[in-house]
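Next come the chains, spelled out residue by residue.
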Amino acid sequence: MGKRALVIAIVGVLLLAVGLPGLIDRLTHGMLNVGWSTPVPWAMWLAFYIYFIGLSAGAFLISSLVYVFGMKQFERIGRLALFTALVSLLTALLFVWLDLGHMERFFFVFIHPGFTSPLAWIVWLYTLYLILLTAEIWFVMRPSFVRGAEGTSPKARLYRALTLGVRDLSPKALERDRKVVRVLATIGIPLAIAFHGGTGTVFAVTVARAYWYTGLFPIMFLVSALASGGALLTAVVAFLVPNGLGEHKEEVVALGRFLVLLLFVDFLMEIAEILVSLYGTVPAHFIPIQEQLFGPNWWIFWILGMGMGLVGPMLILTFPGRKSALWTGIAALLATIGFIGIRWNIVLPGFAVEELPGIGRSFMEPHWVYRFYSPTWTEWGVTLFCIGAGALILALGFWLLPLRAEEARA
């Protein structure tokens, strides 16, 4: 394992250890020690769920540049893009699973489906996407598994198992693999668009929350997915791949040029949404925007979202990052972190307005309280545990899998 991947593994283990008490509390006491209430049912875990889903969709769509459109300049990082998408998806599903009131009932959506529910649609789409993504990774890496299966080392034994008995490396077999990968990647493009647009649709069809009730939300989700997924992939290539700033300089800089365009489009959409809502001064739209800009969590919008997520990376990529892989990687890392703020401001401000005026004063019930939301230690613990699990899976992938096209042997 490379030194940097080893650092990620250590960080992942530490996050798992720190977050474990929160996870135990969640599993033993349910939602007793969370900071949200009945009027605010979606909070921190949902914000991180849509954040990691966006990372996955974005990384996968960038991989399609290689496997569908044949862009040779990104060929060496195609496998890494697919694996990054898989890790992000698994992390997102872990978040949303732990957010369920009855986690043991997650399979009910398959045996008791609600065909008119957007939530059911996206669960089915996630399942198809997970199967497709796993299959595509296997077909892409199968030749490397076969070549690396020789010997008696633990990795060679793992590779022999991962070949699933398909050991043919003839030109005909390799050409067949490439065709299958292209078909899977082509199917995956509308699938990734559908499931992440569907995630935005879950918000957009919520009529009682005017802040979300707009046809722009699914499009904003897709643009943010491409931007955040591209930022994550760029940062991973720059700082985790061995000699990423040297050997992969061209890929990093090229991804940076692609990233600055995506960030700019996302910036325009964010500004348009804010200006229209402020101009209209309709309370259901105006108050959530005012909450973002000037509320207790103003810094999430100005510093984390706009500063680190959009404006700062755009300036870096436009000037020092135009030719520098290091500056491009720094900008991508800032954007990856900053998009947490953008996702946060999708979820939480939507609850700043009561569905019916005065409803918060109509019930004498502890959980029916409109108050400033602040995550509890249980929520922070679960969040750190999930992120640590994702980091550890990513590091193990660098150690065990041939994530670079040139890695052919164990």
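Let us look at the structure shown here. Treat the numbers as computed from the prediction; the structure is a model and nothing was measured. (Residues numbered from 1 in each chain as written. Predicted model: local features only at pLDDT ≥ 70, side-chain atom pairs only at ≥ 80, totals over all residues. Heavy atoms only, no water.)

**Brief notes about unusual backbone geometry**
Argument step 1. Backbone geometry at Leu164 places phi at a positive 55 degrees, although glycine is not the residue there.
Argument step 2. Since its relative accessible area comes to 62%, Leu164 is described here as exposed. (Buried < 20%, exposed > 50% of the residue type's maximum accessible area, 1.4 Å probe, protein only.)

**Points about the layout of surface pockets**
Argument step 1. Its boundaries defined by the atoms lining it, the largest pocket holds a volume of some 880 Å³.
Argument step 2. Lining the largest pocket we find 28 residues, and of these Val96, Leu100, Phe106, Val109 and Val123 sit closest to its centre.
Argument step 3. Every element with two or more residues in the lining of the largest pocket is listed here: α2 (44–67), α3 (78–99), α4 (108–111), α5 (118–147) and α7 (171–204).
Argument step 4. For the lining of the largest pocket, the leading source of residues is α5, giving seven residues.
Argument step 5. Taken together, the residues of the lining of the largest pocket break down into 21 nonpolar, five polar and two charged. (1 Å grid on protein atoms, 1.4 Å probe; cavity = no way out; pocket = protein on both sides within 12 Å on 5 of 7 lines; lining within 4 Å. Points joined across faces, edges and corners; volume = space filled by probe spheres on them. Helix = DSSP H or I, 4+ residues; strand = E, 2+ residues; numbered from the N terminus. Nonpolar A, V, L, I, M, F, W, Y, C, P; charged D, E, K, R; others polar.)

**Things to note about the pattern of salt bridges**
Argument step 1. What the rule picks out here adds up to six salt bridges.
Argument step 2. For Glu104, the salt bridge is made with Arg105, and the minimal N-O distance between the two is 4.0 Å.
Argument step 3. Owing to a relative accessible area of 48%, Glu104 belongs among the partly exposed residues under this scheme.
Argument step 4. With a closest N to O distance of 3.3 Å, Asp177 and Arg176 form a salt bridge. (Salt bridge = Lys/Arg side-chain N within 4 Å of Asp/Glu carboxyl O.)

**Some remarks on empty space enclosed by the protein**
Argument step 1. Scanning the model with the defined rule gives two cavities of 30 Å³ or more in all.
Argument step 2. Each pocket or cavity is described by its volume, and for the largest cavity that value is around 160 Å³.
Argument step 3. Lining the largest cavity are 15 residues, and of these Tyr211, Glu270, Gln292, Ile342 and Asn345 lie nearest its centre.
Argument step 4. When residues of the lining of the largest cavity are traced back to their parent elements, those giving at least two are α8 (216–239), α9 (249–280), α10 (283–294), α11 (298–318) and α12 (325–347).
Argument step 5. The dominant element in the lining of the largest cavity, judged by the number of residues it contributes, is α11, at four residues.
Argument step 6. Counted by class, the lining of the largest cavity contains ten nonpolar, three polar and two charged residues.

**Overview of the nonpolar core**
Argument step 1. Counting 117 residues, the largest nonpolar core has Tyr49, Leu263 and Phe398 as its most contacted members.
Argument step 2. Among the elements that make up this core, the one with the highest residue count is α2 (19 residues).
Argument step 3. Leave out the neighbours within four places in its chain, and Tyr49 touches Ala92, Phe95, Val96, Ile122, Tyr126 and Thr199. (Core = buried A, V, L, I, M, F, W, Y, C linked by side-chain atoms within 4.5 Å. Contact = heavy atoms within 4.5 Å.)

**What about α3?**
Argument step 1. The end-to-end C-alpha distance of α3, which contains 22 residues, comes to 32 Å, matching closely the 32 Å that a straight helix rising 1.5 Å per residue would cover.
Argument step 2. Along α3, 17 of the 22 residues are buried, which leaves the element largely enclosed by surrounding structure. (Expected span 1.5 Å × (residues − 1).)

**What about the environment of Met308?**
Argument step 1. Mapped onto the fold, Met308 is located in helix α11.
Argument step 2. Considering only alpha carbons, one finds Met308 and Ala332, 24 residues apart in sequence, at a separation of 9.6 Å.

**Some points on the environment of Gly200**
Argument step 1. When you line up the elements, Gly200 lands in helix α7.
Argument step 2. Setting aside anything within four residues of it in sequence, one finds Gly200 in contact with Phe217, Pro218 and Phe221.

**Topic: a nonpolar patch on the surface**
Argument step 1. Residues Trp97, Leu100, Phe106, Phe107, Phe108, Phe110 and Ile111 make up a contiguous nonpolar surface patch of roughly 640 Å² in combined accessible area.
Argument step 2. Broken down by element, the nonpolar patch gets its largest block of residues, three residues, from α4.
Argument step 3. Positionally, Phe108 belongs in helix α4. (Patch = residues over 30% accessible without salt bridge, like charges linked within 9 Å, V, L, I, M, F, W, Y side chains within 5 Å. Areas by Shrake-Rupley, 256 points an atom, 1.4 Å probe, with all protein chains shown as cover.)

**Let's talk about the packing of α3 against α5**
Argument step 1. The interhelical angle for the contact between α3 and α5, taken along N-to-C directions, is 145 degrees, at an axis separation of 10 Å. Here α3 and α5 pass one another in a crossing that is left-handed. Touching Arg79, Leu82, Phe83, Ala85, Leu86, Leu89, Leu90 and Leu93 of α3 are Tyr126, Tyr129, Leu130, Leu133, Thr134, Glu136, Ile137, Val140, Met141 and Ser144, all from α5.
Argument step 2. Residues that form the contact of α3 with α5 fall into these classes: 14 nonpolar, two polar and two charged. (Axes fitted to C-alpha atoms, helices over the stretch in contact; angles between N-to-C directions. Left-handed = near helix turned anticlockwise from the far one by under 90°.)

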